[in-house]
Amino acid sequence: MNDRHDDEKIPDRRRFLECMAWAGAGALWMMKGGVAHAGMLGSGNAAADATFRFVQISDSHIGFHQAPNPDPVATLRETIARINAQPQRPDFIVHTGDLTHLSKPEQFDTVKQILGEAKVDQVFCIPGEHDVIGDNGKAYFAHFGGGGVSGGGWHSFDHHGVHFISLVNVLNLQAGGLGFLGTEQLAWLQQDVAGLSASTPIVVFAHMPMWSLYPQWGWGTQDSAQALALLKRFGSVTVLNGHIHQIQRQVEGQVTFYTARSTAYPQPAPGRAPAPGPLKDLPAGQLHKYIGSRDVRHVRGSQAIAVTDIALG
Amino acid sequence: MFRRYLLLAAFALPMVAGAAPRAPGAEAAAGSSIEIRNFHFMPAQLTVPVGAKVTWTNRDEEPHIVVSTGNQFPASPGLDTGDHYQATFTRPGTYTYFCSIHPQMVGTIVVSKPLR
Ligand SMILES: [Cu+2]
């Protein structure tokens, strides 16, 4: 179906490949006093300086079966095996959504089984739009819990002085709109952070980007500004999301946004293709350079959160 | 999951029949296909006569869902690559729909009154 686009796409694809190459080995991003510092993995001493660490994975799309990855089960398994092989065990793994491709029960079963292979105390998930197809998340919540009193799946917890907030921005989407949080969730968020001191580091998980990354492709959340306004008084806010299957970073005041790679397949850079979707024509054998996981560390004695993206190959 | 579809279908039954018992006219069959390609409904606006059966076909690798704003006709299941969905429009009017997981995708079907 895309053959007629191939000629137009080649220059854009090359730019995308070059752009990704520098990040392929694993780039470390760190915020210090609101200023971003970049370095290569291994150049710093982040591991020794960390209070704790966790791993973010995203967009596993179990049930997808086409180019460039006909077997996303295998790549998710490899990702989990890589995490298990690290000498230091992460405190937890968070999956930021699109566990499945089509919200089918057997796809949820498969994801649950593979995530169960992780050697960590806790794995928790937030839903992507692919996980709530046709039933507003009913099957997803039946498999992974987190529906809570509201049924909407948002929740928060504290870990070593960091306040973690999981938001759900893939339910009740509105025609012509983007990702959506809704008034009920925003009211909950206001309550949730009300008692916290402004020096508490905040880490937010969501599936869709919480800034206007590329609305033409639906890459944003229509009421994210209202959520961020509630977090404005905090000195350190780190927002980790998935959805767009590539690394993108954005700094707005004290807030740093990071989108993660997929464990399944990359998508084009914003506007670099006729539409979002799988980047199908990767060079042979190169898929693993475009997918992977993310290591997140809390830097000891500071508000800083250090983010390292690690390709699968 | 299926219960919800049935509910929507029942709600919309006075307006739309999921499977048309009578053969659609040739004029209805001709221009009543919508392709979903590159995250767009093509054409984005389609005019059909009353009684037309409209068929959506997903040509993307991404799944899409056809959902009427205000439940004016039954929602499709998740359409994987190559999947089809059909709805028959038995009343004149303007029907707006969107993809419930990619809500920036919006389309319109205008069902015109029969010629007299
Ligand atoms: Cu869609």
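Bear in mind the structure is a predicted one, so any value in this text is a computation, not a measurement.

## Description of the coordination of the copper ion
Residues and elements named next belong to chain B.
- In this structure, H64 (ND1), C99 (SG) and H102 (ND1) serve as the protein donors to the copper ion, at separations of 1.8 to 2.2 Å.
- Within one chain, the residues serving as donors to the copper ion are arranged as H-x34-C-x2-H. Linking H64 in the loop between β4 (52-58) and β5 (66-68) with H102 in the loop between β7 (93-99) and β8 (106-112), this pair joins segments that are 38 residues apart in sequence.
- On the basis of relative accessibility, which here comes to 0%, the residue H64 falls in the buried class.

## Considerations on the pairing of strand β9 (residues 237-241) of chain A
All names here are of chain A.
- Burial of β9 is extensive: 5 of the 5 residues sit out of reach of the surface.
- Of the two faces of β9, the one carrying V237, V239 and N241 and the one carrying T238 and L240 are both buried.
- Relative to β9, strand β8 (residues 202-206) runs parallel, the two sharing 5 bridges. Among the inter-strand pairings, F205 is bridged to a residue of β9, identified as L240.
- Running through helix α7 (residues 224-230), the crossover from β8 to the neighbouring parallel element β9 is right-handed.
- Both β9 and strand β11 (residues 255-259) contribute to a ladder of 5 bridges, which runs parallel. In the sheet register, V239 faces β11, and the bridge partner there is F257.

## Notes on the packing of helix α3 (residues 72-85) of chain A against helix α4 (residues 105-115) of chain A
All names here are of chain A.
- Two elements in contact, α3 and α4, have axes separated by 10 Å at closest approach and are oriented at 20°. In terms of their interaxial angle, α3 and α4 are classed as roughly parallel. Helix-helix and strand crossings are classified by hand; for α3 and α4 the assignment is right-handed. For the pair α3 and α4, the contacting residues are V73, L76, R77 and I80 in the first and T110, Q113, I114 and L115 in the second.
- Looking at the contact of α3 with α4 residue by residue, the class counts come to 5 nonpolar, 2 polar and 1 charged.

## Side note on the interface of chain A and chain B
- At the junction of the two partners, chain A supplies 33 residues and chain B supplies 23 residues.
- Buried area between chain A and chain B, both sides added, is near 2,300 Å², and the carbon and sulfur share of it is 59%.
- Taken together, the links from chain A to chain B amount to 1 salt bridge.
- Linking K280 of chain A and E61 of chain B is a salt bridge whose minimum nitrogen-to-oxygen distance equals 3.3 Å.
- In this assembly, chain A and chain B are joined by 6 residue pairs in polar contact (both at pLDDT 80 or more).

## Looking at the environment of F257 of chain A
- By the secondary structure assignment, F257 of chain A is in strand β11.
- Taking the C-alpha atoms as reference points, F257 of chain A and V204 of chain A, 53 residues apart in sequence, are found 9.2 Å from one another.

## Here's the deal with α3 of chain A
Residues and elements named next belong to chain A.
- In this model α3 runs 20 Å from its N-terminal to its C-terminal C-alpha over 14 residues, within 8% of the 20 Å that 1.5 Å per residue would give.
- For α3, the set of buried residues is P72, T75, L76, T79, I80 and I83. Within α3, the buried residues cover an arc of 140° as seen down the axis, which keeps them to one side.
- Taken together, the buried residues of α3 touch β3 (50-57), β4 (92-95), α4 and β12 (292-299).

## Considerations on the environment of W56 of chain B
All names here are of chain B.
- Mapped onto the fold, W56 is located in strand β4.
- Separated by 20 residues in sequence, W56 and S76 place their C-alpha atoms 9.5 Å apart.
- When residues no more than four places from it in sequence are discounted, the contact partners of W56 are I34, I36, F41, V66, F73, D83, H84, Y85, A87, F89, Y97 and I109.
- Only 3.3 Å separates the side chain of W56 from the side chain of Y97, close enough to count as a polar contact.

## Focus on the pattern of salt bridges
- Scanning the model with the defined rule gives 7 salt bridges over all chains in all.
- A salt bridge links R297 of chain A to D295 of chain A, with the nearest nitrogen and oxygen atoms 3.1 Å apart.
- For R297 of chain A, a relative accessible area of 13% gives the class buried.
- Accessibility expressed as a relative area gives 3% for D295 of chain A, which makes it buried.
- Here R59 of chain B ties to E35 of chain B by a salt bridge, and the two come within 3.2 Å at their closest N and O atoms.

## Side note on the confidence of the model for chain B
- Overall, the predicted model of chain B reaches an average pLDDT of 80, with 72% of residues at or above 70.
- Interface confidence for the predicted complex, given as ipTM, is 0.79, next to a pTM of 0.83.

## Examining empty space enclosed by the protein
- All told, the structure shown has 3 cavities of 30 Å³ or more when counted by the stated rule.
- Within this model, the second largest cavity holds a volume of roughly 100 Å³.
- Lining the second largest cavity are 18 residues, and of these E129, W219 and H243 of chain A together with F39 and H102 of chain B lie nearest its centre.
- Residue composition of the lining of the second largest cavity, grouped by class: 7 nonpolar, 8 polar and 3 charged.

## Overview of the sheet that holds β7 of chain B
Residues and elements named next belong to chain B.
- Ordered in space as β3-β8-β7-β5, the 4 strands form an open sheet in which the pairing is mixed. For this open sheet the edge positions go to β3 (45-49) and β5, each flanked by a neighbour on one side alone. On average, each strand axis in the sheet is tilted by 30° relative to the strand beside it, whichever way the strands run.

Conventions we followed
- Residues numbered from 1 in each chain as written.
- Chains lettered and ligands numbered in written order.
- Predicted model: local features only at pLDDT ≥ 70, side-chain atom pairs only at ≥ 80, totals over all residues.
- Heavy atoms only, no water.
- Donors = N, O, S within 2.8 Å, 3.2 Å for Na, K, Ca; no water.
- Helix = DSSP H or I, 4+ residues; strand = E, 2+ residues; numbered from the N terminus.
- Buried < 20%, exposed > 50% of the residue type's maximum accessible area, 1.4 Å probe, protein only.
- Pairing = 2+ DSSP bridges.
- Right-handed = clockwise from strand over helix to strand, strands pointing away.
- Axes fitted to C-alpha atoms, helices over the stretch in contact; angles between N-to-C directions.
- Parallel < 35°, antiparallel > 145°, perpendicular 65-115°, else oblique.
- Left-handed = near helix turned anticlockwise from the far one by under 90°.
- Contact = heavy atoms within 4.5 Å.
- Nonpolar A, V, L, I, M, F, W, Y, C, P; charged D, E, K, R; others polar.
- Buried area = accessible area lost by both parts, 1.4 Å probe.
- Salt bridge = Lys/Arg side-chain N within 4 Å of Asp/Glu carboxyl O.
- Polar contact = N/O pair within 3.5 Å; in protein donor to acceptor, adjacent residues only side chain to side chain.
- Expected span 1.5 Å × (residues − 1).
- Arc of directions from axis to C-beta.
- pLDDT = per-residue confidence, 0-100.
- 1 Å grid on protein atoms, 1.4 Å probe; cavity = no way out; pocket = protein on both sides within 12 Å on 5 of 7 lines; lining within 4 Å.
- Points joined across faces, edges and corners; volume = space filled by probe spheres on them.

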